[in-house]
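Breakdown of the fold
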Amino acid sequence: MKKILSVLLALLMVFALVGCGAKEEAGTDTADSNLVGVSMPTKSLQRWIQDGDNMKAQLEAAGYEVDLQYAGDNDIPTQVSQCQNMIANGAKVLVIAAIDGSSLGTVLDEAKQAGVAIIAYDRLIMNSDAVSYYASFDNYKVGTLQGTYIETALDLANAGDKTYNIEFCAGDPGDNNAGYFFNGAYDVLGKYVDNGTLVNVSGQHTFAEVATEGWSTATCQARVENIINSFYADTQLDAVCCSNDSTALGAINAIAANYKGGNTPVITGQDCDKANVPHIIDGTQSMAVFKDTRTLAERTVKMINSIMSGNAPETNATYPNGTYDVPSYLCDPIVCTADNYKEVLLDSGYYTAADIGQ
Ligand code: BGC
């Protein structure tokens, strides 16, 4: 009997201890949580894997707990439910690179009601006052760098009677950045289309006409192949202004498969994806605008540090999201070409030589 009693007593003590522990843990989760949720759109494009890795590493080094999630392959309902889980798990800050800046719906209000700050990462979240801050690169400048590169490469300002043929490939219509990239480039190049120095042979040069659903390489390739077959069988293609590397890859593939001209068209890009760097080196892609994801992660971690300590993060711009001008920090993009890729990508430690097939 004594034995049974002491076993029961021991069991009771164990239960009591476990119970206490559980209570304490729940207390830590909600009140003193330092959990940061990071929601990335897809693993199908290299830059987002790098963004996610950089964010996680830098946040963990700063002492935060991190819940990093990828929304399948750009699946909006998955992104929404992953954000809901992060809120339920007690996240204090959500860092969201939205698949579609206008389609996150009620999860934004849920976050606001729960007192969770939202940082729109790289892509602005539209039509909501629940987004607290925006951390990105200067998206318009990305476009002007692409446009200016083509202007200089073809020496358009001194073209005289010479004309050059150009096509455009822009990004996903649901990505607020895509319009900024395209407008930045077109604000440089449009005047040459207007004065006849640049000829847009396909006649497709509004954002709606040249946008690429999902930034898809295959979709862009199919469109450029079509354009080459229809308009460039006997005509020289001088430039394809592509908003990023996944679309540039589509244009490069289309040109390799279908273009019969003797020249190598000027092709722009953005991101310096591993798959594109060999093209930058061999000249089949002329340039990419480089946005160092380490810098963006650093800036975002700084914002989180300020938010967590109850201070206003440093900002250097505002970006209109349809509801209000979101306090923003815009990092500076730079041009990467065959001439400076070693310094920009290798010497800086961004890639190893093996990463870019060297
Ligand atoms: C990013 C680009 C990227 C594109 C496709 C944009 O929002 O700013 O860097 O190439 O999305 O993922």
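All values reported here derive from a predicted model rather than from experimental measurement.

1. Focus: the pattern of salt bridges
- According to the stated counting rule, one finds 10 salt bridges in the structure shown.
- Residue Asp355 is joined to Lys274 by a salt bridge in which the shortest nitrogen-to-oxygen separation is 3.9 Å. Linking Asp355 in the segment after α12 (341–347) with Lys274 in the loop between β9 (266–267) and α10 (277–282), this pair joins segments that are 81 residues apart in sequence.
- Overall, Asp355 belongs to the partly exposed group, its relative accessible area being 30%.
- Accessibility expressed as a relative area gives 31% for Lys274, which makes it partly exposed.

2. A closer look at empty space enclosed by the protein
- Taken as a whole and judged by the stated rule, the model has 3 cavities of 30 Å³ or more.
- A volume near 100 Å³ is recorded for the largest cavity.
- Looking at the largest cavity, it is lined by 13 residues, and the ones nearest its centre are Trp48, Arg123, Trp215, Asn244 and Asp271.
- Broken down by secondary-structure element, the contributors of at least two residues to the lining of the largest cavity are α2 (46–61) and α6 (176–194).
- Among the residues making up the lining of the largest cavity, the classes are represented as 4 nonpolar, 3 polar and 6 charged.

3. Some remarks on the environment of Cys241
- Within the fold, Cys241 resides in strand β8 (residues 239–242).
- Distance in space between the C-alpha atoms of Cys241 and Ala185 is 7.9 Å, their sequence separation being 56 residues.
- Beyond its immediate stretch of four places on either side in the chain, Cys241 contacts Ile150, Ile166, Glu167, Phe168, Cys169, Ala185, Leu189 and Thr268.

4. Examining the pairing of strand β12 (residues 325–331)
- With respect to burial, β12 is a largely interior element, 5 of its 7 residues being buried.
- Here strand β11 (residues 317–320) runs beside β12; their pairing, made up of 4 bridges, is antiparallel. Paired with Ala317 across the bridge in β12 is Ser328.
- As consecutive antiparallel partners, β11 and β12 are separated by 4 residues, and within that stretch Gly322 has a phi angle of approximately 95 degrees, a positive value.

5. Side note on the confidence of the model for the chain
- The share of residues in the chain with pLDDT of 70 or more is 91%, and the mean pLDDT across the chain is 92.
- This stretch, residues 7–30, has a pLDDT under 50; its non-local contacts, to residues over four places away or in other chains, come to 4 contacts.

Procedures and definitions
Residues numbered from 1 in each chain as written. Predicted model: local features only at pLDDT ≥ 70, side-chain atom pairs only at ≥ 80, totals over all residues. Heavy atoms only, no water. Salt bridge = Lys/Arg side-chain N within 4 Å of Asp/Glu carboxyl O. Helix = DSSP H or I, 4+ residues; strand = E, 2+ residues; numbered from the N terminus. Buried < 20%, exposed > 50% of the residue type's maximum accessible area, 1.4 Å probe, protein only. 1 Å grid on protein atoms, 1.4 Å probe; cavity = no way out; pocket = protein on both sides within 12 Å on 5 of 7 lines; lining within 4 Å. Points joined across faces, edges and corners; volume = space filled by probe spheres on them. Nonpolar A, V, L, I, M, F, W, Y, C, P; charged D, E, K, R; others polar. Contact = heavy atoms within 4.5 Å. Pairing = 2+ DSSP bridges. pLDDT = per-residue confidence, 0-100.

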